[in-house]
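# Residue-level structural notes
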Amino acid sequence: MKFGVIVFPGSNCDHDCYHAAKHIYGGDTSYIWHKETKLDSLDCIIVPGGFSYGDYLRPGAVAKGSPVMNEVVKFADSGGLVIGICNGFQVLTESRLLPGVLMRNRDLKFICEDVTLRVENVDTPFTGSYEEGEVVTMPIAHADGNYFADPDTLKELEDNGRVVFRYSTPDGRITGEANPNGSLSNIAGIVNKAGNVMGLMPHPERALEEILGPIGGRGLFDSILKAAG
Amino acid sequence: MKAKVFVTLKNGVLDPQGKAAHGSLERAGYSFIKDIRIGKVIEIELDDMDRTEAEDRLAEICEKLLANTVMENYRVEIDG
């Protein structure tokens with residue numbers, strides 16, 4: 001299993017992702033600098049969290065023009081697994097690999113806390129190891145996680161099971177109170193049409209080891225390993 | 001040649017910053033404000049060229065980078 005972790009200037013969860021992929025899951029893992037124009041053969045690319053290019057203009061807006069993103073798009077188009085976490089999700093929406101946009105949080109605050117999420121679709125390479133409707137805990141840490149899309153796009157996502165994670169109460173109800181940032185329909189994570197590109201605001205890579213807290217991210221990494229064989 | 005690009009949130013897109021500014025003004029006693037929407041002005045200096053060409057090329061960079069048309073509109077104003 002070969003993982004590549006993209007590193008932009010300002011990425012700050014790249015080491016966490018590397019640690020997860022290499023030390024916890026034993027994957028052959030490498031960092032990929034944003035200036036790379038050629039990728040080794042990989043099974044999964046992780047676009048990590050952080051503040052790529054200082055969030056200048058809009059989160060992820062400058063990163064989408066990085067040389068490496070052309071390669072990430074090609075990799076995604078050829079069916080490779082791509083997961084964008086937090087700022088990585090913002091980079092993937094800006095790059096149009098995923099629809100919609102992550103706007104400033106409803107209450108304008110940077111939110112750093114554990115949240116509970118309901119797994120909405122287990123029929124993806126990123127969620128196959130979860131149970132349908134399972135509620136899992138992961139941390140969020142973002143100021144711009146308020147998912148927005150136009151009504152047609154939203155309908156397309158909902159009708160095709162492309163909403164993969166939703167912010168929920170601990171007992172799995174989707175309520176306004178469970179929505180930390182104002183995201184439409186409590187959306188925390190989505191997949192592309194083909195199902196091989198996923199973005200989510202919560203941090204699965206920070207929710208893998210009991211000594212550090214919740215372990216809701218395990219199912220996600222388990223799923224990727226299973227999907228990539 | 002100089003130009004300004006105005007990037008604004010589309011109608012219907014929630015603007016928490018505008019709401020916060022509005023709330024702050026209301027608390028300060030300015031009760032005549034009905035709504036505030038906050039956007040960006042981007043000042044650009046560019047090579048001299050035909051005005052229509054400048055409009056086209058500026059629209060292209062707005063689409064490509066300066067605005068995210070999922071949530072934002074843009075308007076280009078060429079000086080002079």
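Predicted, not measured: the structure shown is a model, and the values here were computed from it.

Glancing now at the overall build of chain B. Of the regular secondary structure elements, chain B holds two helices and three strands. Ordering the α and β elements of chain B from the N terminus gives β-α-β-α-β. In summary, chain B has a C-alpha radius of gyration of 16 Å against a globular reference of 12 Å for 80 residues, an excess of more than 25%. Its C-alpha atoms put chain B at 50 × 25 × 15 Å along the principal axes. Within the span of chain B, comprising 80 residues, buried residues form 31% of the whole. Put simply, of all contacts in chain B between residues at least 6 apart along the chain, 70% involve residues at least 24 apart. Carbon and sulfur atoms make up 49% of the accessible area of chain B, which amounts to about 5,300 Å² in all.

The subject of this paragraph is the overall build of chain A. When helices and strands are counted, chain A shows five helices and 11 strands. A globule of 229 residues ought to have a C-alpha radius of gyration of about 17 Å, and chain A, at 16 Å, matches this closely. For the C-alpha atoms alone, the extent of chain A along its principal axes is close to 45 × 35 × 35 Å. Counting over 229 residues, chain A shows a buried share of 58%. Taking the intrachain contacts of chain A between residues at least 6 apart in sequence as the baseline, contacts between residues at least 24 apart amount to 75%.

For the largest pocket, the calculated volume is near 430 Å³. Around the largest pocket sit 20 residues that line it, and Arg104(A), Gln17(B), Lys40(B), Met71(B) and Glu72(B) are the ones nearest its centre. Mapped onto the lining of the largest pocket, the elements with two or more residues apiece are strand 5 (101–103) of chain A together with strand 1 (2–9) and helix 1 (16–27) of chain B. Across the lining of the largest pocket, the residue classes break down as 10 nonpolar, three polar and seven charged. In this model, the second largest pocket occupies a volume close to 170 Å³. Taken together, 14 residues make up the lining of the second largest pocket; nearest its centre are Ser30(A), Tyr31(A), Ile32(A), Asp40(A) and Leu42(A).

All names here are of chain A. Here the structure, examined in full by the defined rule, presents six aromatic pairs over all chains. Ring geometry for phenylalanine 89 against tyrosine 147: centres 6.2 Å apart, planes inclined by 15°, an arrangement best described as stacked. On the criterion of sequence distance, the pair formed by phenylalanine 89 in helix 3 (residues 87–94) and tyrosine 147 in strand 8 (residues 146–148) is long-range, its members being 58 residues apart. An angle of 90° between the planes, with centres 5.8 Å apart, marks the rings of tyrosine 130 and phenylalanine 165 as edge-to-face. Of this pair, tyrosine 130 sits in the loop between strand 6 (111–119) and strand 7 (135–142) while phenylalanine 165 sits in strand 9 (residues 163–167), and the two are 35 residues apart along the sequence.

Our next topic: the pattern of salt bridges. A full pass over the atoms with the stated rule returns 14 salt bridges over all chains. Residue Arg118(A) is joined to Glu120(A) by a salt bridge in which the shortest nitrogen-to-oxygen separation is 2.6 Å. Note on Glu120(A): relative accessible area 17%, which makes it buried. Notably, a salt bridge pairs Asp171(A) with Arg173(A), separated by 3.3 Å at the nearest N-O pair. Within the structure, one salt-bridge network assembled from shared partners comprises Arg58(A), Lys64(A), Glu94(A) and Glu72(B).

What follows concerns the pairing of strand 7 of chain A. Put simply, side chains in a regular strand alternate between the two faces of the sheet. All names here are of chain A. For strand 7, the tally of buried residues reaches six of eight residues, placing the bulk of the element in the interior. Looking at chain direction, strand 6 and strand 7 are connected through eight bridges and run antiparallel. The residue of strand 7 that forms the bridge with threonine 116 is threonine 137.

So, on to the nonpolar core. Among the nonpolar cores identified, the biggest contains 61 residues, and Ile46(A), Val82(A), Ile83(A), Phe165(A), Met198(A) and Leu220(A) are the most heavily contacted of them. The element that contributes the greatest number of residues to this core is helix 2 (residues 67–77) of chain A, accounting for five residues. Judged by nonpolar contacts, the second largest core, of 12 residues, contains Ile42(B), Ile44(B), Leu46(B) and Ala67(B).

This next bit is on the sheet that holds strand 2 (residues 40–45) of chain B. Within a sheet, adjacent strands bond to each other through the backbone by hydrogen bonds, running parallel or antiparallel. All names here are of chain B. The strand order across the open sheet formed by three strands is 2-1-3, and the pairing between neighbours is antiparallel. One side of each edge strand has no neighbouring strand; the edge strands of this open sheet are strand 2 and strand 3 (72–78). Pairs of neighbouring strands in the sheet enclose a mean axial angle of 20°, with direction left out of account. Relative to strand 3, strand 1 is paired through seven bridges, and the arrangement is antiparallel.

Thresholds applied
- Residues numbered from 1 in each chain as written.
- Chains lettered and ligands numbered in written order.
- Predicted model: local features only at pLDDT ≥ 70, side-chain atom pairs only at ≥ 80, totals over all residues.
- Heavy atoms only, no water.
- Helix = DSSP H or I, 4+ residues; strand = E, 2+ residues; numbered from the N terminus.
- Rg over C-alpha atoms; globule rule 2.2 N^0.38 Å.
- Buried < 20%, exposed > 50% of the residue type's maximum accessible area, 1.4 Å probe, protein only.
- Contact = heavy atoms within 4.5 Å.
- Areas by Shrake-Rupley, 256 points an atom, 1.4 Å probe, with all protein chains shown as cover.
- 1 Å grid on protein atoms, 1.4 Å probe; cavity = no way out; pocket = protein on both sides within 12 Å on 5 of 7 lines; lining within 4 Å.
- Points joined across faces, edges and corners; volume = space filled by probe spheres on them.
- Nonpolar A, V, L, I, M, F, W, Y, C, P; charged D, E, K, R; others polar.
- Phe/Tyr/Trp six-rings, centres within 6.5 Å; stacked < 30°, edge-to-face > 60°.
- Salt bridge = Lys/Arg side-chain N within 4 Å of Asp/Glu carboxyl O.
- Pairing = 2+ DSSP bridges.
- Core = buried A, V, L, I, M, F, W, Y, C linked by side-chain atoms within 4.5 Å.
- Axes fitted to C-alpha atoms, helices over the stretch in contact; angles between N-to-C directions.

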